[in-house]
Amino acid sequence: MSDHAVLHVKGRVLVGPDDVRDELWVVDGRVSYDRPAGARDVRTVEGWALPGLVDAHCHVGLGAHGPVDTDVAEKQALTDREAGTLLIRDAGSPSDTRWIDDREDLPKVIRAGRHIARTRRYIRGYAHEIEPDDLVAYVAREARRGDGWVKLVGDWIDREVGDLSPCWPRAAVEAAITEAHRLGARVTAHCFSEDSLRDLVESGIDCIEHATGLTEDLVPLFAERGVAIVPTLVNIATFPELADGGESRYPRWSAHMRRLHERRYDTVRNAHDAGIPVYVGTDAGGTLPHGLVAAEVAELVTAGIPPVEALAATTWAARRWLGRPGLEEGAAADLVVYDTDPRADVRVLGAPRRVVLAGRVVD
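Residues numbered from 1 in each chain as written. Predicted model: local features only at pLDDT ≥ 70, side-chain atom pairs only at ≥ 80, totals over all residues. Heavy atoms only, no water.

## A closer look at the nonpolar core
Membership of the largest hydrophobic core comes to 92 residues, with the highest contact counts inside it found for Leu-135, Ile-205, Ile-208, Leu-214, Phe-222, Leu-300 and Trp-321. Among residues more than four places away in sequence, those in contact with Phe-222 are Leu-197, Val-201, Ile-208, Leu-214, Val-227, Ile-229 and Ile-276. (Core = buried A, V, L, I, M, F, W, Y, C linked by side-chain atoms within 4.5 Å. Buried < 20%, exposed > 50% of the residue type's maximum accessible area, 1.4 Å probe, protein only. Contact = heavy atoms within 4.5 Å.)

In structure tokens, the structure reads:
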């Protein structure tokens, strides 16, 4: 990375979807819209500038079999950075990635602690695997460990029934979510199926990951409660392959997964049309590669979300939801520059011209 005292970004600066400015300056790593007096050694970058992209469902430090070494986690974060992802909500990781906070050359991370799952009801090596009586205590632990979020596994395959089913009794999730909120943390949950959603939403959950089971009868409840969804469509694309792999042992589950996949775009479009907040997340880590943020935005557009709103789901709206600034005066200068207007064609997100992190151009 090159360290310059002053950076001049010229062209079109998308401070918001309708707030477009001709230039900004970066002074001491911060955004300014006033030309600095007596500036020397000015570097100029030209193009269309956006706030650093947000991946609101990502797993740094997580591999296919659980936690990974620091050098692997670093490569994951660097891959996201190269894709323009400069803010990550890490939706569950068994690794301690606090060392990233001391690195100005890596994306900023908002952690949800470690996944909390029912015993033998999630991927081995990923989560705390506990029973309902311990849920409140573990939620409190991860609320203190994280950065304002806690991640539950809301449903998973139940081998006795051969299909997806809820992991937690209603009373347990009500008590756990209440405790998280008391401690100032929001709660999200992995949910593929339909049956886990009502209890979680009525118990006060703040967000649902994947949300493939969001049916028409549940949409009004989500909208009324303001519960966000992060669809991770690039992950849902793997459902047919997963279904094929489980067909012989769990045919009911396989058929269910195929149905969820088939209606995925309708699910997301119906949620958006009802006013449910939708945000970009890739589910990178585990088995999916990092750096897929542009592909996920394109998937939201394919699902029927207007391009500017799909763009907002990884920029202005996503940052506001996570309580982080965009390109406001005085904010940390985390931005991405493109050759053409990303509002006109979101596919340009796949080819950043320049990435600026903490005021420094990534070369």
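Next comes the rest of the write-up.
## Things to note about unusual backbone geometry
Phi is positive for His-210, which is not a glycine, with a value near 75°. By the secondary structure assignment, His-210 is in strand β16 (residues 207–210). For His-210, a relative accessible area of 4% translates into the label buried. A positive phi angle, near 65°, is found at Asp-283, a position not held by glycine. When you line up the elements, Asp-283 lands in the loop between α9 (264–273) and α10 (293–303). (Helix = DSSP H or I, 4+ residues; strand = E, 2+ residues; numbered from the N terminus.)

## Regarding the pairing of strand β1 (residues 6–14)
Both β1 and strand β2 (residues 20–27) contribute to a ladder of seven bridges, which runs antiparallel. Of the residues in β2, the one forming a bridge with Lys-10 is Glu-23. The hairpin formed by β1 and β2 contains five residues between the paired strands. Bridge analysis of β1 against strand β4 (residues 42–51) gives eight bridges, and the strand direction is parallel. Among the inter-strand pairings, Val-13 is bridged to a residue of β4, identified as Ala-49. (Pairing = 2+ DSSP bridges.)

## Comments concerning the pattern of salt bridges
Taken as a whole, this structure holds 29 salt bridges when the rule is applied. Salt-bridge contacts for Arg-21 lead to Asp-19; the nearest nitrogen and oxygen are separated by 3.1 Å. Residue Arg-21 is classed as partly exposed on the basis of its relative accessible area of 31%. For Lys-108, the salt bridge is made with Asp-334, and the minimal N-O distance between the two is 2.5 Å. Residue Lys-108 is located in strand β9 (residues 108–111), and its partner Asp-334 is located in the loop between α12 (316–322) and β18 (335–338); the two are separated by 226 residues in the primary sequence. Overall, the relative accessible area of 37% leaves Lys-108 in the partly exposed class. On the accessibility criterion, Asp-334 (4% relative accessible area) is buried. Through salt bridges with shared partners, a single ionic network connects Arg-170, Glu-174, Arg-198, Asp-199 and Glu-202. (Salt bridge = Lys/Arg side-chain N within 4 Å of Asp/Glu carboxyl O.)

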